[in-house]
Amino acid sequence: MSKVAALFVRTDGHYYSDPDIDPWDEERDARQYEGPYPVIAHPPCQRWGKMWAGQPLTIAKTGVRKIKGDDGGCFKSALASVRKWGGVLEHPWGSHAWPHFGLNVPPRTGGWITADFEGGWTCCVEQGRYGHYARKPTLLLAYNIELPELEWGIGPHRIPDWAIEKYGEKRAKRAGEMAFQGGGTDAKSRIDTPKPFRDILLSMARSATPQPHS
């Protein structure tokens, strides 16, 4: 099957350049997806990551903490779609969604392991090996597809020299690679999926074997 649905993607992003991709952005609402194509799912991760409660400075100013996993049911919907239609779901390394939904956490060093008792497989791979400016370790969750051999391993830190000179190596590493490009209202460079990595995900989803569904 060549047609693929890309769920929870950025409007006019990389998934809008291929006529064989059916893109679902925020306005279209991927929670409403009812098939029939295999999927690539990028559910929002803000409420599942390290700072699920919000930015520390904002919390200190307002006293308001977000609720862990409060994503409007996006991850739950994405998980149901990839299980039903086949394909692959991606989320950042360290996502609390994995333990919350009973998924096995794979080794950071890479390699596919069984994810659950639903036929799923999961792994961790760095998007930096496919064109992202940072290492950006990423969790993948796959169902009913051919599992590719990816570029596994933990790469060296990618902290810009200017950041180390300005803040010192220890402070710069604590801030993390993602802190020194984009940010604020310009998070595009951090959250975008590099085209080579997108192509890997597309080939995975397109390898899905059609399954009968009630």
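Residues numbered from 1 in each chain as written. Predicted model: local features only at pLDDT ≥ 70, side-chain atom pairs only at ≥ 80, totals over all residues. Heavy atoms only, no water.

S.K.: I'd like a description of the sheet that holds strand S3 (residues 39–41), backed by residues and values.
M.R.: If you trace the 7 strands from one edge of the open sheet to the other, you get S2-S1-S3-S4-S7-S6-S5, paired in mixed fashion. Edge positions in the sheet fall to strand S2 (21–24) and strand S5 (113–114), since each has one partner strand and no second. As paired strands, S3 and strand S4 (residues 87–92) are joined by 3 bridges and run parallel to one another. Each bridged residue has a counterpart across the sheet, and for Ile-40 the counterpart in S4 is Val-88. Packing of helix H2 (residues 74–85) onto the sheet brings it into contact with strand S1 (4–7), S3, S4 and strand S7 (137–143), and relative to S4 it is tilted by some 150°. (Pairing = 2+ DSSP bridges. Helix = DSSP H or I, 4+ residues; strand = E, 2+ residues; numbered from the N terminus. Contact = heavy atoms within 4.5 Å. Axes fitted to C-alpha atoms, helices over the stretch in contact; angles between N-to-C directions.)

S.K.: Quick one: what's the story with the pairing of S7, residue by residue and with numbers?
M.R.: Of all 7 residues in S7, 6 are buried, a share of seventy percent or more. Bridging between S4 and S7 involves 6 bridges; their strand directions are antiparallel. Residue pairing in the sheet places His-91 in a bridge with Leu-139 of S7. As judged from the 7 bridges shared by strand S6 (residues 120–126) and S7, these two strands associate in the antiparallel manner. Residue pairing across strands places Trp-121 opposite Ala-142, the latter belonging to S7. (Buried < 20%, exposed > 50% of the residue type's maximum accessible area, 1.4 Å probe, protein only.)

S.K.: Got a sec to walk through the side chain of Thr-138? Specific residues and values, please.
M.R.: Within the secondary structure, Thr-138 sits in strand S7. Exposure remark for Thr-138: the relative accessible area of 1% places this residue in the buried category. Here Lys-136 takes part through its backbone oxygen, which lies 3.0 Å from a polar atom of the side chain of Thr-138. When neighbours within four sequence positions are excluded, Thr-138 is seen to be in contact with Glu-90, His-91, Trp-93, Cys-123, Cys-124, Val-125 and Gln-127. (Polar contact = N/O pair within 3.5 Å; in protein donor to acceptor, adjacent residues only side chain to side chain.)

S.K.: Any chance you could break down unusual backbone geometry for me, citing the residues and the numbers?
M.R.: A cis amide bond links Gly-35 with the next residue in sequence, Pro-36, at an omega value of 10°. Inspection of the secondary structure assignment puts Pro-36 in the loop between S2 and S3. Here Asp-12, not a glycine, exhibits a phi torsion of approximately 65°, which is positive. Notably, Asn-144 is not glycine yet its phi reads approximately 60°, a positive angle. By the element assignment, Asn-144 lies in the loop between S7 and helix H4 (161–167).

S.K.: Can you break down the packing of aromatic side chains residue by residue, with the values?
M.R.: One pass over the full model with this rule turns up 7 aromatic pairs. With a centroid separation of 6.0 Å and 55° between ring planes, the pair formed by Trp-48 and Phe-75 is classed as tilted. With a gap of 27 residues between them, Trp-48 in the loop between S3 and helix H1 (56–62) and Phe-75 in helix H2 connect regions that are remote in the sequence. The burial state of Trp-48 is the same as that of Phe-75; both residues are buried. Centroid distance Trp-112 to Trp-152: 6.3 Å. Interplanar angle 85°. Geometry classified as edge-to-face. Taken together, the residues span a long stretch of sequence, with Trp-112 in the loop between helix H3 (97–100) and S5 and Trp-152 in the loop between S7 and H4 at a distance of 40 residues. For Trp-112, a relative accessible area of 16% gives the class buried. What links up through ring pairs into an aromatic cluster is the set Trp-48, Phe-75, Trp-98 and Phe-101. Stacked on the ring of Trp-24, the Lys or Arg Arg-28 has its end atom at 3.8 Å from the ring centre. (Phe/Tyr/Trp six-rings, centres within 6.5 Å; stacked < 30°, edge-to-face > 60°. Lys NZ or Arg CZ within 6 Å of the ring centre and 35° of its normal.)

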